[in-house]
Amino acid sequence: MTAARLKHALWARWYVEAAFFLLIAAWSTWPLGANLRTSIPLGIETVGVVPLYSQWILWWHSDRLADLGSGYWDAPMFHPHPDALGFSEPMFLQGWAAAPVWWLGGSPALAYNLVVLGGLLLNGWAACRLLRGLRFGWITSLAGGAMVEMLPLVHQQLGVLPLLALFGVVWTLHAAHRFGVRPSLGRGALLGAAFSATYLSCNHFALFLSIMLLAGGAWLVGTKIRKRKTWLGLAVATAVVVTLTGPFVDAQLRAKTDQGFVRTRQTMLNLSARPSSYLLATWPQAVTLPPSKTAELPKRLSYWPGSIKALLTLVAIGAVFVNRRAKWTVFCALFFTLSAALSMGIHLHVGSFYPYEELAKLYPGLSQIRNIWRFSFFAQLSVALLAAVGLEMLFGRIGERLGSGSFGPGRGRTFVDRVRGRWASARALRLTLLLATGALAAFEIRPARAALHPLPRDEPGWIDWLRHNTAEDAVVAFAPFANGTHIRDFVPTGDWLYYQMHHRRRMPNGYSSYFPPRYIELQRIMKEFPSAASIEALASRGVGFLVVRSPGPDGADRTESVVDPPPLGDAVFHDADSDVRIYAMGQR
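Owing to the predicted nature of the structure, the values given are computational and were not obtained by experimental measurement. (Residues numbered from 1 in each chain as written. Predicted model: local features only at pLDDT ≥ 70, side-chain atom pairs only at ≥ 80, totals over all residues. Heavy atoms only, no water.)

Time to look at the overall build of the protein. Scanning the protein from N- to C-terminus turns up 21 helices and eight strands. Each of the 588 residues in the protein was classed as buried or not, and the buried ones make up 54%. Per element, the accessible surface of the protein, about 26100 Å² overall, is 62% carbon and sulfur. (Helix = DSSP H or I, 4+ residues; strand = E, 2+ residues; numbered from the N terminus. Buried < 20%, exposed > 50% of the residue type's maximum accessible area, 1.4 Å probe, protein only. Areas by Shrake-Rupley, 256 points an atom, 1.4 Å probe, with all protein chains shown as cover.)

Following this line, the structure appears as structure tokens:
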């Protein structure tokens, strides 16, 4: 085959793979594909706050890129706090990828949903490429990619956009494997670029992955650790990471350090995985093998990857000594063990010794992590990769046995002879078994029909008034304010974030992983709204206008339900259609 034809065949295969994984993404998230412009997926979230916040993050990236990055970190929430973008997952890669959709006039939902589908596609495709790099068969690689794309945890968390970005982790593992086989400066640069992509798409995953690579990377490199080229390659990888992520890391550390963010021990305990959850499947399995079972509460976090994948993983580990990919298999087993142990956080201890707490004291950034259970993403990922090893080993051996010549053609007297005669060749039988087992492993836990959150309804009246009657740098507060710490308390805030994409005015309201102290103080005072103290608190933060929506009884006609609170004076604008009034803070 000529070089040109070989290149054409390679591209054709890549197109087929991309189409395959896109179909899986569309099928597994249906009916999202029929509502791309109007709704966003929730996963197991019960309200739309987190998806709306993630959508807002994508908008802010596109808005700042259009202005050449001016004021990038000073996102217009939690006013007057600076660096508000650094309070949570900034999702740089996702924001940059979605920007063209915004610029071309796509709806907020369309930009968000294309990132969702693209992330799922990349998860599968990256895993497929990794397995091909390990010289797995193409069918096995497709099956392994489908297993990664269909990981139950990923589909549980469809409403938490950065957690869909497992592709960066897989790219990094692929680059680490290649570097371990033959260390070089170029492969070191690729390793650094892959890790940087992980950080720029999900900070959590990058922090967790750095621990995994430090713990298991030496195993992949092996005796080459003594070579000068290995250390030079690692130096290049480090330089690439510092260059690509350094400015972002510095800004995020500044934001968190300035506000003194810390996690209490009780928070860490509440958000650590429980060992029993590793035996629970979120949705029913095609084959349920004890001790696994389906979680009684569908909204409960559960980490069982699937019985068929578990069996294939046991095949891979049990036959590791006759596996020519033993080094990779052991690495994945170590990857699973460490990630599962760390995901349990403070639940895992030996007497008074708590490994996670001791590690958090030594490892920068780990003590500020809230959702420790997210290490379990790596546990499920490693099981899927090990299941692909088991699939390749199992059916490779069946193919060798049936193709060894011990069975003659035609209809023999044994069952296997008859099967071979019917299928014409052992290769056909091997392929059939491989396809069936691979499909069963990939799709054994089918996610429930995707729950969608419709975008808030358009309210042009008061939004247009703000755009045309307030300065671009005006500060506008919105009530109702979040009156608690539960996610449901921030439902109005999710709507205010959505509407901010249209009026573009700064606000003291906000949502993130971390809440700055002055916001928490304001939140406490706003529980008494519209008291004089709450109005004074807003004014002290530079608020010039206040948008108030009457809560009203659910389902009631609220057109006349807004009454001007005495501390505010008369409204400067009343949007009867949306039951919203706007007050000028200086006109009281």
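Next comes the rest of the write-up.
Our next topic: the confidence of the model for the protein. Within the protein, residue pLDDT values average 88, and 90% of them lie at 70 or more. The secondary-structure element of the protein with the lowest mean pLDDT is helix H16 (residues 415-423), recorded at 52, while helix H8 (residues 185-201) shows the highest, at 98. Throughout residues 397-413 the model reports pLDDT below 50, and contacts reaching past four residues in sequence, or to other chains, amount to 20 contacts. Segment residues 552-562: pLDDT under 50, and 16 contacts once partners within four positions in sequence are set aside and those in other chains are kept. (pLDDT = per-residue confidence, 0-100. Contact = heavy atoms within 4.5 Å.)

Right, let's talk about helix H21 (residues 532-540) for a bit. Note on helix geometry: an α-helix contains 3.6 residues per turn, so any two residues three or four positions apart are oriented the same way. All of the buried residues in H21 are Ser-534, Ile-535, Ala-537 and Leu-538. The buried residues of H21 occupy an angular sector of 160 degrees when projected down its axis, which confines them to one face. One or two positions beyond H21, positive phi appears at Gly-542, with a value near 85 degrees. (Arc of directions from axis to C-beta.)

In this section: the environment of Leu-117. Tracing the backbone shows Leu-117 in helix H4 (residues 108-133). Considering only alpha carbons, one finds Leu-117 and Leu-32, 85 residues apart in sequence, at a separation of 9.4 Å. What Leu-117 contacts, discounting residues up to four positions off in sequence, is Ala-25, Ala-26, Thr-29, Leu-32 and Leu-36.

Let us now look at empty space enclosed by the protein. This model, assessed by the stated rule, comprises one cavity of 30 Å³ or more. Approximately 30 Å³ is the volume found for the largest cavity. Forming the walls of the largest cavity are Phe-78, His-79, Pro-80, His-81, Pro-508, Arg-518, Tyr-519, Leu-522 and Arg-541. Looking at the lining of the largest cavity, its residues break down into five nonpolar, two polar and two charged. (1 Å grid on protein atoms, 1.4 Å probe; cavity = no way out; pocket = protein on both sides within 12 Å on 5 of 7 lines; lining within 4 Å. Points joined across faces, edges and corners; volume = space filled by probe spheres on them. Nonpolar A, V, L, I, M, F, W, Y, C, P; charged D, E, K, R; others polar.)

Another point: the nonpolar core. In terms of nonpolar packing, the biggest core is built from 165 residues, with Trp-328, Leu-366, Phe-378 and Trp-462 touching the most fellow members. Sorting elements by how many residues they give to this core places H4 first, with 14 residues. Apart from the residues within four sequence positions on either side, Phe-378 is in contact with Leu-166, Val-169, Phe-205, Phe-208, Leu-209, Met-212, Phe-335 and Ser-339. (Core = buried A, V, L, I, M, F, W, Y, C linked by side-chain atoms within 4.5 Å.)

In regular strands, side chains alternate between the two faces of the sheet. Among the five residues that make up strand E6 (residues 545-549), five are buried, leaving the element largely enclosed by the rest of the structure. The two faces of E6 match: Phe-545, Val-547 and Arg-549 on one face and Leu-546 and Val-548 on the other face are all buried. Pairing between strand E5 (residues 476-479) and E6: four bridges, direction parallel. Residue pairing in the sheet places Phe-478 in a bridge with Val-547 of E6. Taken together, the five bridges between E6 and strand E8 (residues 580-584) define a ladder with antiparallel strand orientation. The residue of E8 that forms the bridge with Leu-546 is Tyr-583. (Pairing = 2+ DSSP bridges.)

With that settled, the discussion passes to the side chain of Ser-382. Among the secondary structure elements, Ser-382 is positioned in helix H15 (residues 376-402). With sequence-adjacent residues up to four places away left out, Ser-382 is seen in contact with Cys-332, Phe-335 and Phe-336.

It is worth spelling out the side chain of Arg-187 at this point. Among the structural elements, Arg-187 can be located in helix H8. In this structure, Arg-187 is buried with no salt-bridge partner, the nearest side chain bearing the opposite charge being Glu-17 at 18 Å. Polar contacts involving the side chain of Arg-187 include one to the main-chain carbonyl oxygen of Arg-178, which spans 2.8 Å. Once residues lying within four places of it in the same chain are set aside, the contact partners of Arg-187 are Arg-178, Phe-179, Val-181 and Arg-182. (Lys, Arg positive; Asp, Glu negative; His and termini not counted. Salt bridge = Lys/Arg side-chain N within 4 Å of Asp/Glu carboxyl O. Polar contact = N/O pair within 3.5 Å; in protein donor to acceptor, adjacent residues only side chain to side chain.)

Looking now at the packing of helix H3 (residues 92-103) against H4. The contact between H3 and H4 brings their axes to 9 Å, and the two run at 140 degrees. By the criterion of interaxial angle, the relationship of H3 to H4 is oblique. Classified by chirality, the crossing of H4 by H3 is right-handed. Of H4, the residues touching H3 (which contributes Gln-94, Ala-98, Val-101 and Trp-102) are Pro-108, Leu-110, Ala-111, Leu-114 and Val-115. Classifying every residue of the contact of H3 with H4 by side-chain character gives eight nonpolar, one polar and no charged. (Axes fitted to C-alpha atoms, helices over the stretch in contact; angles between N-to-C directions. Parallel < 35°, antiparallel > 145°, perpendicular 65-115°, else oblique. Left-handed = near helix turned anticlockwise from the far one by under 90°.)

Here the residue pair His-79 and Pro-80 is connected by a cis peptide bond, since its omega of 15 degrees sits within 30 degrees of zero. Positionally, Pro-80 belongs in the loop between helix H2 (49-66) and H3. Positive phi, normally seen in glycine, also occurs at Asp-579, with a value near 60 degrees. When you line up the elements, Asp-579 lands in the loop between strand E7 (573-575) and E8.

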